[in-house]
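The lines below spell out each chain.
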Amino acid sequence: MHNKKAALIGLFLVLSSLLAFSGASGSTKFSSTTGKTCADCHDLSKLPALNAFGQKFKANGYKIVSQPTNVKTGTTSQTKSTTSNQPKTTVAAYKEKDFAASANQILKVKVKVNSPNSSLTRGEAYLYLANALGWTQEAQKLGKEADNLLKKYKDRGKVPAKMKYTVALFVKKGLVQGNTLNLQSIMKKNEAENLLQQIAKLRTVAVKPQPPKPVPLAARQYVGSKRCGQCHTAYYQGWQETYHSKMIQPKEQGILRDAVLSWTYDDAGNQGPTIGNATKTPFTFDDVVMVIGSRWKQRYLVKNPQTGGYQLMNKQFNAVTRKWENYGNANDWDTQCITCHSTGYKILSYDEANPSATKVAWAELNVGCEACHGPGSAHVVTANKADIFNPAKASKQEQARICGYCHIRLENDKYKSRQGKPREDFPAPTLNTSWKPWDDWTKWYPEEVIIPGVQPEDPASAPYTGDLQNLFIVDDKSVTAGVYEENKHHQQYQGFIQSKHYQTTMMNITCTTCHNPHKRDKVAGSLRTKPEDLCAKCHTGAPSDLWKKIMPGTGKTAENLYVRTHTFKKGQDRLDKGMSVYGLPEPIYFFGKR
């Protein structure tokens, strides 16, 4: 330290001599070039004191024996000189990388710095923390408020434009002390860590903003899939390719080409539809209003002039064999099958003594977005995720139950069709209400509906009559295994709930594990990928035809056309009863692809 002082004083001595000489003569090169003397820039009145001290320093052999005289006052600082044998400790400079480490320790955040080995200024600390804590956007929102927040600080004019809102936010949060900002001052460790501790306290006591409360379920109304598609375009376009969107179609959109070409007689000589089943009166092709289905088979709806509803015609068209087959359902479709062919269906009025006067309504034909997600009116307005039902957040069993609402067979005595016969679908228990995907329909009016295999009092193995007759395959194999394969179509849920896939929670398997309700694959159809690949995800090394063996076609939907069982019974040894549609060409519509 003394050596440094000696060098500095020596420099003063030389400088004083030069100044004295140049001040007297004014004949330096600088003076001759600029016309100025040393006195134009320097206060030469201080030279005598500085020169006197330099002379004493020289006379003493360039050694310091006392503190230098103050060049301003001419006084000498009286500081007692002490010596110590203990080594002096050097405090390491606090660098940006040290600040990052402190922030990680105190705030548990990762601070990214630009110059790890450089000193840290207060302004840099503010910027680094704002980025790490996600405060940047909050700072920008201050707008004109930033000027008001900085107004009281004397050095506010030195705040760079890029730092203005960040610094103002730190002021607003009470993290800046005093009446100066000192953005360029070098921060010491204790200062930096004090700032971090202050922020830690803020984060501890800060109240987490509560999400907006969801709109009550009862207040939500249906808006239709098209409205959903305005925001969820990709999902909507994918859904349009699925057969859920083609369950019910106007004749002009959905009638099959081969059905039109065979309307009078098919190639085998079978006559096409001519009679309305409910009224037993003749109808023609021109009378057809809507068509049901297209992938497996197709049925035809005409108006029922007696009730104002829609009735089914006496033939269905097999989309695979291209042949007409007898069909005898003699009830109005909109009081018999419609809860699974529409979204938001509800009974408006019902008289048990006069079911022919039943009035009904629906929000949308087909299985639309809101069939699985519930009414979307609130979500459309708020865009709040809490205002729409997301099946993916429900349990696997609850997800399967949503699909099961339609993929079952039952006999409903609570509500009769307009023709006074038990319904085969499942309206909500109270008038003017619709089934919602969060409803547990398995508990609806159990004394008035029979759902074999779902309700404990109605086992799959019991004998039934009417449409429920021969609902399951009941033979020695079934009794021994305790598993009863589906014998008719649209009862996959009644098969699936018998499976280990459903019953074993750890398997975490549900309908949408294999099926994609939002999109139809050109190869795999409604499946997410090819069936052999789906099985291989869990059953490593399984043969590629495992799915065919464990899922034989057992549920008849048309002549020589069967839906595959969903019981997934281990050691399955039943064989296909006939064809299935997987892998077959897509249907061709008469009026072109929809």
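Residues take numbers from 1 onward in each chain, read along the sequence in its written order. Only residues with pLDDT of at least 70 get local features here, since the model is predicted, and only at 80 or more are side-chain atom pairs given and counted; chain-wide, interface and lining totals rely on the full set of residues. In computing side-chain properties, one takes all heavy atoms of the structure into account and sets aside hydrogens as well as water.

Novice: Hey, could you run me through the overall build of the protein in this one?
Specialist: Looking only at helices and strands, one finds 22 helices and 17 strands in the protein. Contacts: residue pairs with any heavy atoms within 4.5 Å of one another. Within the protein, counting contacts between residues at least 6 apart in sequence, those at least 24 apart form 59% of the total. Strands are runs of DSSP state E lasting at least two residues, helices are runs of H or I lasting at least four, and both sets are numbered from the N terminus onward.

Novice: Just to check I follow, could you spell out the packing of aromatic side chains for this structure?
Specialist: The description of an aromatic ring pair rests on the distance of the ring centres and on the angle between the ring planes. Between 30 and 60 degrees the pair is tilted, below 30 it is stacked and above 60 it is edge-to-face, where a pair is any two Phe, Tyr or Trp rings, Trp via its six-membered ring, whose centres lie within 6.5 Å. Enumeration over the complete set of coordinates arrives at 24 aromatic pairs. The interplanar angle of 65° and the centroid separation of 5.0 Å between the aromatic rings of Phe 317 and Trp 324 together place this pair among those described as edge-to-face. Comparing Phe 317 with Trp 324, the two get one shared label, buried. In textbook terms, an aromatic cluster arises when at least three aromatic residues are bridged by ring pairs, as seen for Tyr 350, Tyr 405, Tyr 415, Phe 426, Trp 435, Trp 441, Trp 444, Tyr 445 and Tyr 493. We call a charge positioned above a ring when the Lys NZ or Arg CZ atom is no farther than 6 Å from the ring centre and deviates by at most 35 degrees from the ring normal. Just above the ring of Tyr 415 sits the side chain of Lys 414; from NZ or CZ to the centre is 5.4 Å. Each residue gets one of three labels from its accessible area relative to the maximum for its type: buried under 20%, exposed over 50%, partly exposed in between, using a 1.4 Å probe on protein chains only.

Novice: Just to check I follow, could you spell out the sheet that holds strand S14 (residues 422-423) for this structure?
Specialist: Within a sheet, adjacent strands bond to each other through the backbone by hydrogen bonds, running parallel or antiparallel. Pairs of strands are assigned from DSSP output, requiring at least two bridges between the strands. A sheet is described by the order of its strands in space; here three strands give the open sequence S14-S13-S15, paired in antiparallel fashion. The strands lining the two open edges of the sheet, one partner per strand, are S14 and strand S15 (449-450). As judged from the two bridges shared by strand S13 (residues 411-416) and S14, these two strands associate in the antiparallel manner. When the sheet's bridge partners are listed, Asn 412 is paired in S14 with Arg 423.

Novice: Help me understand the pairing of strand S5 (residues 297-303) in this model?
Specialist: With respect to burial, S5 is a largely interior element, six of its seven residues being buried. Connecting strand S4 (residues 290-292) to the next strand, S5, in antiparallel fashion are four residues, including Gly 293 with a positive phi near 80°. By the bridge criterion, two bridges tie S5 to strand S7 (residues 315-318) in an arrangement that is antiparallel. When the bridges of S7 are listed, Gln 298 appears paired with Phe 317. Alignment of S5 against strand S6 (residues 310-312), held across three bridges, turns out to be antiparallel. Paired with Leu 301 across the bridge in S6 is Leu 312. Counting the residues between successive antiparallel strands, the hairpin from S5 to S6 contains six residues, one of them, Gly 308, with a positive phi of roughly 85°.

Novice: Is there a simple way to think about empty space enclosed by the protein in this case?
Specialist: Think of a ball as big as a water molecule: rolled over the atoms, this probe shows where empty space is left. Buriedness for pockets is judged along seven lines, at least five of which must meet protein on both sides within 12 Å for an open set on the 1 Å grid over protein atoms alone, while cavities are sets there where a 1.4 Å probe fits but cannot get out, and lining residues have an atom within 4 Å of a point. Grid points are joined across faces, edges and corners, and a volume is the space filled by probe spheres set on the points. A complete count under the given rule lists one cavity of 30 Å³ or more for this structure. By volume, the largest cavity is sized at about 40 Å³. Contributing to the lining of the largest cavity are Glu 486, Lys 488, His 489, His 490, Gln 491, Gln 492, Thr 554, Gly 555, Val 563, Arg 564 and His 566. By the convention adopted, Pro, Cys, Tyr, Trp, Phe, Met, Ile, Leu, Val and Ala count as nonpolar, Lys, Arg, Asp and Glu as charged, and the other residues, Gly among them, as polar. Grouping the constituent residues of the lining of the largest cavity by class yields one nonpolar, seven polar and three charged.

Novice: I'm lost on the side chain of Gln 572 in this one. Help?
Specialist: Inspection of the secondary structure puts Gln 572 in the segment after strand S17 (561-564). If sequence neighbours within four positions are ignored, Gln 572 has contacts with Glu 485, Lys 549, Ile 550, Pro 552, Thr 565 and Thr 567.

Novice: Can you help me understand a nonpolar patch on the surface in this one?
Specialist: The residues that make up patches have over 30% relative accessible area and no salt bridge, and they are joined within 9 Å when like-charged or within 5 Å when they are Val, Leu, Ile, Met, Phe, Trp or Tyr. All accessibility values rest on the Shrake-Rupley procedure with a 1.4 Å probe; residue burial counts only the protein chains present in the view. We define a salt bridge as a side-chain nitrogen of Lys or Arg found within 4 Å of a carboxyl oxygen belonging to Asp or Glu. On the surface, Val 223, Val 380 and Val 381 cluster together into a nonpolar patch covering about 240 Å² of accessible area. Mapping Val 381 onto the fold places it in helix H15 (residues 377-382). The exposure class assigned to Val 381 is exposed, which follows from its relative accessible area of 71%.

Novice: What should I look at first to understand the packing of helix H5 (residues 122-133) against helix H8 (residues 164-172) in this one?
Specialist: The description of two packed helices rests on the angle between their axes and on the distance between the axes. The axes used here are C-alpha line fits, helices contributing only the stretch in contact, and every angle between their N-to-C directions lies in the interval 0 to 180 degrees. Look at H5 against H8: their axes get within 10 Å of each other, and the N-to-C directions meet at 85°. Relative to H8, the element H5 lies roughly perpendicular. Where H5 abuts H8, its residues Tyr 126, Leu 127, Leu 129 and Ala 130 lie against Thr 166, Val 167 and Phe 170. Split by residue class, the contact of H5 with H8 holds six nonpolar, one polar and no charged. We call two directions roughly parallel when the angle between them is under 35 degrees, roughly antiparallel when it is over 145, roughly perpendicular when it lies between 65 and 115, and oblique otherwise.

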